[in-house]
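A look at the structure
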Amino acid sequence: LSGVTTLDIDTSGDVTVDTSAGSMSLGSTLADGQTLKLGKNAATEMIFSPHGTAGNEKISLTNTEGTAADAISITATAGSLDLNAGDNVTIDAADEITLTTTSDDGHISLVSAHGAGVALHIDADANAGSIVEIDAGMLDIDVTGAATMDSGSTMTLTTASAALTLTDGAATLA
């Protein structure tokens, strides 16, 4: 089909488009300001929206009603998942956010290249009863500049089997 202005294909069964020896292109000449939609509107859909203005060019993946733990699932069975952004990455959840590594040598790194000011901010004081809990086999905190700990109430340092040593550079309390 070439030169047609509208193409409408309706069927009550499956529609299959395959290529066995070449690439497949869908929407490669989609005009700015128009959209390519995959999926059922207001249910599960992906929308590609090219635009002549960079701030209006978007891709969205939406599952409106899905409540399963994998309502939107991205899986790389053998390889890695790499997310890159030219600016911010924002993750919002109405409930918990969990980052888990399951291998014996796996670790989680939060790395900031910020040169001055707040490089990492953990904000967990929505209520005086909010708790930040760190469980570790060993805990090592290194600070290049000054370090402060402020408490609005009691502060307790406890050691179960070894001496507690506080050093100020000149005197040692043990």
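Note that residues are indexed from 1 along each chain, following the sequence as it is written. In keeping with the model being predicted, local features are shown solely for residues with a pLDDT of at least 70 and side-chain atom pairs are shown and tallied solely at 80 or more, while totals for entire chains, interfaces and linings include all residues. Remark: hydrogens and water are excluded; side-chain values derive from all non-hydrogen atoms of the structure.

What follows concerns the side chain of E45. Strands are runs of DSSP state E lasting at least two residues, helices are runs of H or I lasting at least four, and both sets are numbered from the N terminus onward. Among the structural elements, E45 can be located in strand β2 (residues 44–49). The charged side chain of E45 is buried without a salt bridge, its nearest counter-charge being K37 at 4.8 Å. Think of a polar contact as two N or O atoms within 3.5 Å of one another; within protein, one of them needs to be a possible hydrogen donor and the other a possible acceptor, and neighboring residues in sequence only count if both atoms come from side chains. A polar side-chain atom of E45 sits 3.4 Å from the main-chain amide nitrogen of A42. Excluding its chain neighbours within four sequence positions, the residues that come into contact with E45 are K37, L38, G39, K40, S60, L61 and T62. Relative accessibility decides the category of a residue: with a 1.4 Å probe and only protein chains considered, values under 20% of the type maximum give buried, values over 50% give exposed, and everything between is partly exposed. Positive: Lys, Arg. Negative: Asp, Glu. His and the chain ends are not part of the count. Should a side-chain nitrogen of Lys or Arg be within 4 Å of a carboxyl oxygen of Asp or Glu, the pair is scored as a salt bridge. When checking whether two residues touch, look at their non-hydrogen atoms; a contact exists if any pair is within 4.5 Å.

The subject of this paragraph is the environment of S12. When you line up the elements, S12 lands in the segment before β1 (36–39). According to the relative accessible area criterion, S12 is exposed, its value standing at 85%. Each C-alpha atom of the pair S12 and T156 lies 69 Å from the other, and the pair is 144 residues apart in sequence.

Spatially, the three strands line up as an open sheet ordered β1-β2-β3, and their pairing is antiparallel. The open sheet is flanked by β1 and β3 (58–63), the only strands paired with a single partner. Taken over all neighbouring pairs, the strand axes of this sheet differ in orientation by 10° on average, direction set aside. A pair of strands counts as paired when DSSP detects no fewer than two bridges linking them. Note on definitions: angles span 0 to 180 degrees between N-to-C directions of axes, and those axes are lines fitted to C-alpha atoms, for helices only across the stretch in contact.

Glancing now at unusual backbone geometry. Despite not being glycine, A42 has its phi angle at roughly 60°, a positive value. Position of A42 among the secondary structure elements: in the loop between β1 and β2.

That's the geometry; what it means functionally is another story.
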